[in-house]
Amino acid sequence: MKAFTLLWVTVGLAFLLLGSGCTEVEDVQAASGPVYMGDSKESNALIYTGAGELEAVVFEEMNETHTPGASVAVVSGDEIVFARGFGVSDIETGTPVTPDTLFRIGSTTKMYTAATLVMLDEDGKLDLNEPIGSYVEGLSPGLSQLTTHQLLTHTAGLQDGASSYGRHDESALSEEVRAFDDSLFFTEPGEIFSYSNPGYALDGLVAEEAGDKPYADLVKESLLLPLGMNRTTFRPTEAMTYPLAQGHYILPEGSPAVIRPYTDNTGNWPAGFMFSNVNELSRFAIAFMNEGRLEGKEVLSPSAISKLSTPYSPVISSYNNGSYGYGLFIHEYRGMRVVEHPGGMEGFTCQFLMVPEHRFAVIILSNTYGTKFPKSTEKAMELFLPLEAEMEENSEVNVSLPITEEDVNEEELNGEAEAEEGAVGEEGAVGEEETVGEVMNEEEMTEEEMSAYTGHYQNSPELYLDIVKKDDGLFLKIGELEAPVTKIGENRFLATNPFLGQPLEFILVPGEDGEPEYLHMSHRALKKVRQVQVGR
């Protein structure tokens, strides 16, 4: 990710890099890693009948998204029952992906930052409900009064923003976070859930100070090594000593290319920069879903797991009845309680989904940005879980993937992106063959209602939009682009994607006076800061 703009996160757009010149995945199928089976007869029975089906869907989605390489693991019970690499880790070398290939995992890192802080709390080195100024000196007055709990649950009232490129020296975390000031607030702490990468950078510094060790060493010694995640690391110079995937994008003519330079920004490590592979990520899932035990040894306390997976704050947008714990999204999908934290950054995407009740997990890593693999995730779930036959009306269309970092350049922001590149929304977006009318019932809006909805909504100077009334209708205004708005339920709305007509759902959250106070979309809240002129 370049120094990216988060405005398109707000409108739920992530440009997929498509092209006709990408090598078909089947061409490298023979070079991919082997299928690994567990020892359990019951687990093997499932995978023997379903491995081929799952592999076929993975290949299909790789070809649809022009993804050079992916790695997939499925956990059932207390073992990895399926792990395989698909395609290549580097389009230039043709090196095959295996289950041991390291990928950047993006914001899935947040669950490891959260777990480290919870362990510090249990060791008595930190109180999650105490002001972080008790542990970190030199913070601004407002930031020093925040609690770790507020930061972990994205309820601190902080803006969002991050960059994949920055300093490489590890002192950057301390120096850059201490340079944050109270202008980072867009609303009062405790008011509303709003996803914030800077909040997790603050979390990392709190962990570093309370644990009295550099952040990367603290996570490794307290969490990764006890879990046997020996290759998982934050340090690129360590990751490059192991098989390592390169991030890719698609050139205008449709050919894939390696992203250079490699993504790294030490000041944001706690929010999304961990390297790992599906074999080692699976070890965390096994311990998490088996009361903290892995290979007969307790490596996580049951109380820590409970704290991580308690639903503290309603997510509001993107999931129906979804909540956020500590570094984890919690929601229902086809009758299953899902606990997860996907991630995405320039050149990489991670899907990490667990169903603790059934001790099931599916983990998918890929080396292009925005490849959500919803069909592969769902196929794995169907093979192992008693899913409800059909999704409830108005539920998420995709299993999930909250895109938490974007790589949208200024040309895309200004509407100059090539139309043939395509675009996708986040989870909850309507499928390509579905229309607004087929998914939601439209509701009439009175003149009074439309006037109340209009306004300028802002999270940060880079993350804002307007709702305007024009020609007897309501529009979402993004720069010079205008998207027609339809009301689909109480406080729920759809706006049409200015590029491809894809509906984007958002929610207007009322204040005490009943008037809209926030616009909520893609996990972010934008506060209404002023009314805008009707007919603008």
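For every chain, the first residue of its written sequence is number 1, and the numbers climb from 1 along that sequence. Restriction of local features to residues with pLDDT of at least 70 applies here, the model being predicted, together with a cutoff of 80 or more for giving and counting side-chain atom pairs; totals for whole chains, interfaces and linings are based on all residues. Only hydrogens and water are removed before side-chain values are computed, so all heavy atoms of the structure are retained for them.

> Got a minute to help me understand the packing of aromatic side chains in this structure?
A ring pair, where both rings are aromatic, is described by two values, the distance of the centres and the angle of the planes. Between rings of Phe, Tyr and Trp, where Trp is taken as its six-membered ring, a pair exists when centres lie within 6.5 Å; planes separated by under 30 degrees are stacked, by over 60 edge-to-face, and by other angles tilted. In this structure the tally under the stated criterion is 17 aromatic pairs. Ring centres 5.0 Å apart and planes at 80° place the aromatic pair Phe59 and Phe86 in the edge-to-face group. Here the residue Phe59 occupies a position in helix 2 (residues 41-65), and Phe86 occupies one in strand 2 (residues 79-87), the gap between them amounting to 27 residues. Exposure categories follow from relative accessible area, calculated using a 1.4 Å probe and restricted to protein chains: below 20% of the type maximum is buried, above 50% is exposed, and the middle band is partly exposed. The exposure class assigned to Phe59 is buried, which follows from its relative accessible area of 4%. The rings of Phe193, Tyr195, Tyr319, Tyr324 and Phe329 are connected pair by pair, giving a single aromatic cluster. Any Lys NZ or Arg CZ found within 6 Å of a ring centre and within 35 degrees of that ring's normal is scored as a charge over the ring. In this structure, Lys110 is placed above the aromatic ring of Tyr200, and the distance from its NZ or CZ to the ring centre is 5.7 Å. Secondary structure elements are defined from DSSP: runs of H or I of at least 4 residues count as helices, runs of E of at least 2 residues count as strands, and each element is numbered from the N terminus.

> Explanation requested: the environment of Ala304 in the structure shown.
The residue Ala304 is located in helix 12 (residues 302-309) in this model. For Ala304, a relative accessible area of 3% gives the class buried. Note: C-alpha distance between Ala304 and Met119 (185 residues apart in sequence) is 6.7 Å. Ignoring anything within four residues of it in the chain, the contact list for Ala304 reads Val118 and Glu122. We call two residues contacting when some pair of their heavy atoms lies within 4.5 Å.

> Would you mind showing me how to read the pairing of strand 18 (residues 473-478) here?
Successive residues of a regular strand alternate their side chains across the two faces of the sheet. In terms of burial, strand 18 is largely enclosed, as six of its six residues are buried. Residues Gly473, Phe475 and Lys477 of strand 18 are buried on one face, and the alternating residues Leu474, Leu476 and Ile478, pointing to the opposite face, are buried as well. When DSSP locates at least two bridges between a pair of strands, those strands are taken to pair. Summarising the sheet, strand 17 (residues 463-470) and strand 18 pair through five bridges and their orientation is antiparallel. Bridge pairing in strand 18 links Asp466 to Lys477. Connecting strand 17 to the antiparallel partner strand 18 that follows it, the hairpin turn spans two residues, and Asp471 within it adopts a positive phi of roughly 55°. As paired strands, strand 18 and strand 19 (residues 481-489) are joined by four bridges and run antiparallel to one another. Following the sheet pairing, Ile478 is matched in strand 19 by Leu481. The hairpin formed by strand 18 and strand 19 contains two residues between the paired strands, and Gly479 there has a positive phi angle of roughly 60°.

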